[in-house]
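Chain by chain, the residues run as shown.
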Amino acid sequence: MKAEHDGDLLEEDSPQENGVHTNQYSSISPPASPVAEDNPFSTYFEEKVHIPETDSQAFSFRKLWAFTGPGFLMSIAYLDPGNIESDLQSGAKAGFKLLWVLLVSTIIGLLLQRLAARLGVVTGMHLAEICNRQYPTVSTSFSHNFLLLLVPRIILWLMVELAIIGSDMQEVIGCAIALNLLSVGRIPLWAGVLITITDTFVFLFLDKYGLRKLEAFFGFLITVMALSFGYEYVLVKPDQGELLKGMFVPYCAGCGPVQLEQAVGVVGAVIMPHNIYLHSALVKSREVDRKNKKEIKEANKYFFIESSIALFISFLINVFVVAVFAQAFYNKSNMEVNAECNVTGIPHTDLFPLNNDTLEVDIYKGGVVLGCFFGPAALYIWAIGILAAGQSSTMTGTYSGQFVMEGFLNLRWSRFARVLLTRSIAITPTLLVAIFQDVQHLTGMNDFLNVLQSMQLPFALIPILTFTSLTSIMNDFANGLVWKISGGIVILVVCAINMYFVVVYVTSLNSVLLYVFAALLSIAYLCFVGYLAWHCLIALGVSCLDFGGRVRNQPAVFIEEQSEYDS
């Protein structure tokens, strides 16, 4: 099932045995029909949305509406509490100067999401399933690169799970902080975590009442965020000239290490690894006949339009947050804020010591500061927006966990068991942090979680470029030369930026023991990233790296496994 496509060098000259290609990246046959994909153990896909037929070949709003949903669920990850915190810190530390970084990061995110959606649409499988099939785990003998073949799939799964856990901790704690603010401190952090766990379980089963109803609920939460943060934007009245200048002039006058670190943090917060896995799975919820090239092409078009709209809305919401803190709190000192809080009678003035140090804010302090300057209503509306952001992203994070676990481990459990397991893996460390950590001292942990997710980015970006560039997997829809080159450059730049963020964070720890530990960890980390990059470069057409055809030749056991999947 090979289609001709320039730039794919793996399938060319690949050896055959008994008529079977023995290349590592074996071809993937699409299901004969949408019904063939049905799986009683599947997450989220008990029903598929029907795509209406139209007489016209031109753009159809009816079809766009039918495809609308996955992109908005994906965009929620751009609005999670970790992102909101990055936004407000960007505004408070750099004013409007880093809005262009947010814009560029969102555009890069859209291009990566395009690859994720195309992979799911064309193959009928999501990224975790493709990784499970294409990266080897077993060898025919211990002497045949055993360690190399045993590890990749398992390590990749563990790395993605770490990213999901880190993101989930930020989301759940964001919800808990919002509940604490709304209750004027009466609901402690650990109680807020337990409440969030409970209501997430309830909301996750909304799709039993229909997939479109679940998507409508997510749409409602996004609307709540837009109204909440939009209210703050209107209240503060940011300087529109400065806002546009910061958004479209890629320059940061007078910026130093603090602003540079914040710019890197913005990139890391926007481009999240588990979101790539999530979007490649969500597009499977639409009824697309993958034997029909016209339907695949149409689905790719409408999913791209929908993703563009969804990310544009999420970008506006992020701009609201940056602009509010840039206008109202850029270059403000702790003493100024303390004095304002005393005048308005807002509690927690102890958060702002009586000194002239520049104000540092997080989600919790941000709400308090808004209350001090603009009244209690601003504080409570801020908390409602954070609650909506945390709740929606917690639900999509749980879906990510289920897709990843099912894909990498090929689980065949009941849905409740899978939800319980994926929730427990992410929630247990969150609950421990909530019990032993005060609500006022979580910024340091949030920085650590951002670093953790930055380190996991290669484990989503490299595989998605690898597999969308292979004709053996994508057929006529594989990346062309332009996408291969531009995709490779984008991924290299994003990974380099985030690794800089990691280095800055580690060097700020000022501990020799931690330096040694980080150095050892870095060696193992870079070796595995190098292994994935090696496969990716071969997929991009650098055939000289395919030493002795090792990547092309796969063990017989793997071929048998492929046959079982294809059946």
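Residues numbered from 1 in each chain as written. Predicted model: local features only at pLDDT ≥ 70, side-chain atom pairs only at ≥ 80, totals over all residues. Heavy atoms only, no water.

For the chain, an unreviewed UniProt entry supplies the name Solute carrier family 11 member 2 and the organism Anabas testudineus.

(A) Examining the overall build of the chain more closely. In terms of helices and strands, the chain carries 23 helices and two strands. Burial analysis of the chain (567 residues in total) assigns 58% to the buried set. Sequence-distant contacts, at least 24 apart, represent 82% of the contacts inside the chain between residues at least 6 apart. A total accessible area of about 22900 Å² is found for the chain, and carbon and sulfur atoms account for 66% of it. (Helix = DSSP H or I, 4+ residues; strand = E, 2+ residues; numbered from the N terminus. Buried < 20%, exposed > 50% of the residue type's maximum accessible area, 1.4 Å probe, protein only. Contact = heavy atoms within 4.5 Å. Areas by Shrake-Rupley, 256 points an atom, 1.4 Å probe, with all protein chains shown as cover.)

(B) Region of interest: the packing of helix H3 (residues 81-94) against helix H16 (residues 376-409). Where H3 contacts H16, the two axes come as close as 9 Å, and the packing angle between them is 135°. The orientation of H3 with respect to H16, classified from their angle, is oblique. Across the interface between the two elements, Pro81, Ile84 and Leu88 from H3 touch Trp382, Ile386, Ala389, Gly390 and Ser393 from H16. Of the residues assigned to the contact of H3 with H16, the class counts are six nonpolar, two polar and no charged. (Axes fitted to C-alpha atoms, helices over the stretch in contact; angles between N-to-C directions. Parallel < 35°, antiparallel > 145°, perpendicular 65-115°, else oblique. Nonpolar A, V, L, I, M, F, W, Y, C, P; charged D, E, K, R; others polar.)

(C) Looking closely at the environment of Phe248. Mapping Phe248 onto the fold places it in helix H10 (residues 240-248). Overall, the relative accessible area of 55% leaves Phe248 in the exposed class. When the C-alpha atoms of Phe248 and Val101 are compared, they prove to be 9.4 Å apart, with 147 residues separating the residues in sequence.

(D) Quick look at helix H13 (residues 293-329). For H13, spanning 37 residues, the distance from its first C-alpha to its last is 53 Å, which sits close to the expected 54 Å at 1.5 Å a residue. N-cap assignment for H13: the residue whose side-chain oxygen lies 2.9 Å from the backbone N of Lys294 is Asn292. Phi for Asn331, located one or two positions after H13, is positive at around 65°. (Expected span 1.5 Å × (residues − 1). Polar contact = N/O pair within 3.5 Å; in protein donor to acceptor, adjacent residues only side chain to side chain.)

(E) Local environment of the layout of surface pockets. Counted as a void, the second largest pocket has a volume near 660 Å³. The wall of the second largest pocket is formed by 25 residues, among which Met455, Val502, Phe517, Ala518 and Leu521 lie closest to the centre. Considering every element that reaches the lining of the second largest pocket, the biggest residue donor is helix H22 (residues 512-539), with eight residues. Each residue belonging to the lining of the second largest pocket can be placed in one class, and the counts come to 22 nonpolar, three polar and no charged. (1 Å grid on protein atoms, 1.4 Å probe; cavity = no way out; pocket = protein on both sides within 12 Å on 5 of 7 lines; lining within 4 Å. Points joined across faces, edges and corners; volume = space filled by probe spheres on them.)

(F) Geometry of the state of the cysteines. This structure, assessed with the given rule, holds two disulfides. Covalently, Cys252 is tied to Cys255 through a disulfide, its sulfur atoms 1.5 Å apart. Around the S-S axis, the bridge from Cys252 to Cys255 shows a dihedral of about -55° and counts as left-handed. What links to what in the chain: the bonded cysteines, counted in sequence order, pair as 1-2, 3-4. In this structure Cys536 is not part of a disulfide, and its nearest cysteine sulfur, from Cys495, lies 10.0 Å away. By relative accessible area, Cys536 is classed as buried at 7%. (Disulfide = S-S within 2.5 Å.)

(G) Highlighting the pattern of salt bridges. Going through the model one piece at a time under the given rule, you end up with five salt bridges. Measuring nitrogen to oxygen at the nearest pair gives 3.0 Å for the salt bridge that ties Glu215 to Arg212. Of the two residues, Glu215 and Arg212 are both situated in helix H9 (residues 211-236); the distance of three residues between them amounts to about one turn of the helix. One salt bridge in this structure joins Glu215 and Arg286, with 2.8 Å as the shortest N-O distance. Linking Glu215 in helix H9 with Arg286 in the loop between helix H12 (273-282) and H13, this pair joins segments that are 71 residues apart in sequence. As far as the burial class goes, Glu215 and Arg286 line up, both buried. (Salt bridge = Lys/Arg side-chain N within 4 Å of Asp/Glu carboxyl O.)

(H) Layout of the packing of aromatic side chains. A full pass over the atoms with the stated rule returns 19 aromatic pairs. Residues Phe325 and Phe329 carry aromatic rings whose centres are separated by 5.3 Å and whose planes lie at 50° to one another, so their mutual orientation is tilted. With a gap of four residues between them, Phe325 and Phe329 both fall in helix H13, about one helical turn apart. When sorted by exposure, Phe325 lands in the same class as Phe329, which is buried. Measuring from ring centre to ring centre gives 6.5 Å for Phe373 and Phe374, while their planes differ by 45°; the resulting arrangement is tilted. Members of the aromatic cluster, connected to one another through ring pairs, are Phe229, Phe325, Phe329, Phe373, Phe374 and Trp382. The lysine or arginine in question, Arg212, covers the ring of Trp65, its NZ or CZ lying 5.2 Å from the ring centre. (Phe/Tyr/Trp six-rings, centres within 6.5 Å; stacked < 30°, edge-to-face > 60°. Lys NZ or Arg CZ within 6 Å of the ring centre and 35° of its normal.)

(I) Layout of the environment of Ile317. Mapping Ile317 onto the fold places it in helix H13. Dropping the residues within four chain positions of it, Ile317 is found in contact with Leu79, Ile222, Met225, Ala226 and Phe229.

(J) Up close: the confidence of the model for the chain. Across the chain, the average pLDDT comes to 80, with 83% of residues at or above 70. Scored below 50 in pLDDT, residues 29-41 shows 28 contacts in the model against residues more than four places distant or in partner chains. pLDDT under 50 marks residues 138-150. Its contacts with residues more than four places away, or in other chains, come to 17 contacts. (pLDDT = per-residue confidence, 0-100.)

(K) Main features of the packing of helix H5 (residues 127-134) against H12. As a packed pair, H5 and H12 sit with axes 7 Å apart at the nearest point and diverge in direction by 100°. Taken together, H5 and H12 sit at an angle that is classed as roughly perpendicular. Together, Leu127, Ala128 and Cys131 of H5 and Ile276, Tyr277 and Ser280 of H12 make up the contact between the two elements. Of the residues that constitute the contact of H5 with H12, the class distribution is five nonpolar, one polar and no charged.

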